[in-house]
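Residues per chain, in single letters:
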Amino acid sequence: MTGPASIEAAVADWDGRMTVVARDAPTGAWIVVAVHSTVNGRSAGGCRMRGYPSPAAAVVDGQRLSAAMTRKLALCGVPMGGGKSVLAVPAQPTGAARTGLLRRFGELLESLGGLYSAAVDMNTSPEDMDVIGETTSHVFCRTEAFGGRGTTAPATAVGVYHGVRATLAAVTGSDDPAGRRVAVQGVGAVGADLAERLAADGAEVVVADLDPDRVAALVARLGVRAVPPDRVLGEECDVLAPCAAGGVVGPATVPALRCRAVAGAANNQLETVEDAERLHAAGILWAPDYVINSGGVLHGAGLELLGWSEEQLADRLRGIGTTLTAIFERSAAENRSPLAVAEDLVQERLAARA
Ligand code: NAI
């Protein structure tokens, strides 16, 4: 990971609203809260805990992810701005050291008065959010015992399901998955749920995972077909649904793809933004990841921070499909990639609220 030489440069060079950097002396961690935008409302986003080559690299990572949250929230209809926090730790703290760090992080969030609310992200759990919640109310995705609303994965899967249907409509003329072939890469919490929904609709579902037990369980339960993990990207299908890790679309993979569209849950599917143009040039429709996978934040922020009912959430999850359809239609009309159109939509929505 490359980054600026100093925290000072990272903070000064950013176009976001505010970066707060603090040093947690007892654990040696650096705490970063990056608030990209509050144009759309107070900011929200995940809190990740991991090691970095330097504190400046942690700042840049938080800022990059925070800007991505602004885009995601602007397009999914949550009236909040993008935020992100990073707990850059020398090693994953456990026991009292972890609890202490999380409580002190909560105190920092409390001092920001709600400018940013934290949620689960890489290496943090709903239980961690409960601890943060001991010192601040500006946290969500807690356990149900502490007022949280449970895992976000089912809502993410529902959103991706609506997104896959919208994608099918764009490439086949019908959103009905029956008889369509969908290849799901990664059948964890989201991918397995998506596979089940599509199989129930009569789609021909192909699955792959590094974990053979997960694959075997799905094959036994749904009668879906399994392919080896290193073959799934080249599987001939209507839709390839990346639901494993990021970076699946790049200069090396695009020529090998045999799908009409890519639409899945994984974050950061593109190696670089140029890959969106590469897919467009290859005639493969891409559902921008930050649009199709916004079901998780709709669930967490909508139910916990904004007081939505389950019906309102279901409506917003369906809206993911509607938003994608609008993006695809404009992409076709203007012969521009769906990502380019989505980026325009973000700017239009933020400008309308500024
Ligand atoms: P998970 O950890 O439950 O499942 C991921 C699965 O992918 C695992 O079964 C893993 O073995 C498999 N996998 C990893 N690398 C693979 C590879 N190269 N080939 C095949 N399989 C591979 O994660 P979850 O919650 O299902 O999330 C899936 C993706 O969606 C992740 O990229 C996540 O960041 C993203 N996402 C998840 C959200 C949520 O609410 N859970 C929200 C937004 C995005």
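Asker: Mind laying out the site of the ligand, listing which residues take part and the relevant values?
Answerer: In the vicinity of the ligand, 17 residues are found, and the nearest of them are Thr152, Thr156, Asp209, Arg214 and Ala244. One of the backbone N or O atoms of leucine 210 is found 3.4 Å from a nitrogen atom in the ligand. Contacts to the ligand include alanine 265, whose backbone N or O atom sits 3.4 Å from an oxygen atom. In the complex, 71% of the free accessible area of the ligand, which totals 830 Å², lies under the protein chains. Mapped onto the shell around the ligand, the elements with two or more residues apiece are α5 (153-172) and α6 (189-200). Partitioned by chemical class, the residues of the shell around the ligand number eight nonpolar, seven polar and two charged.

Asker: With reference to specific residues and values, describe the pairing of strand β2 (residues 29-35).
Answerer: Most of β2 is tucked away: six of the seven residues are buried. Looking at chain direction, strand β1 (residues 18-24) and β2 are connected through seven bridges and run antiparallel. Residue pairing for β2: alanine 22 is matched across the bridge by isoleucine 31. A loop of four residues connects β1 with β2, the two strands running antiparallel in sequence, and glycine 28 in this loop sits at a positive phi of about 75 degrees.

Asker: Before we move on, could you go through the sheet that holds strand β6 (residues 181-185) and cite the residues and values that matter?
Answerer: With parallel pairing, the six strands of this open sheet are ordered in space as β8-β7-β6-β9-β10-β11. In this open sheet, the two edge strands, each paired with only one partner strand, are β8 (225-226) and β11 (285-286). Where strand β7 (residues 204-208) and β8 come together, two bridges link them in parallel fashion. Counterpart to valine 207 in the pairing with β8 is alanine 226.

Conventions and cut-offs
Residues numbered from 1 in each chain as written. Predicted model: local features only at pLDDT ≥ 70, side-chain atom pairs only at ≥ 80, totals over all residues. Heavy atoms only, no water. Near = heavy atom within 4 Å. Polar contact = N/O pair within 3.5 Å; in protein donor to acceptor, adjacent residues only side chain to side chain. Areas by Shrake-Rupley, 256 points an atom, 1.4 Å probe, with all protein chains shown as cover. Helix = DSSP H or I, 4+ residues; strand = E, 2+ residues; numbered from the N terminus. Nonpolar A, V, L, I, M, F, W, Y, C, P; charged D, E, K, R; others polar. Buried < 20%, exposed > 50% of the residue type's maximum accessible area, 1.4 Å probe, protein only. Pairing = 2+ DSSP bridges.

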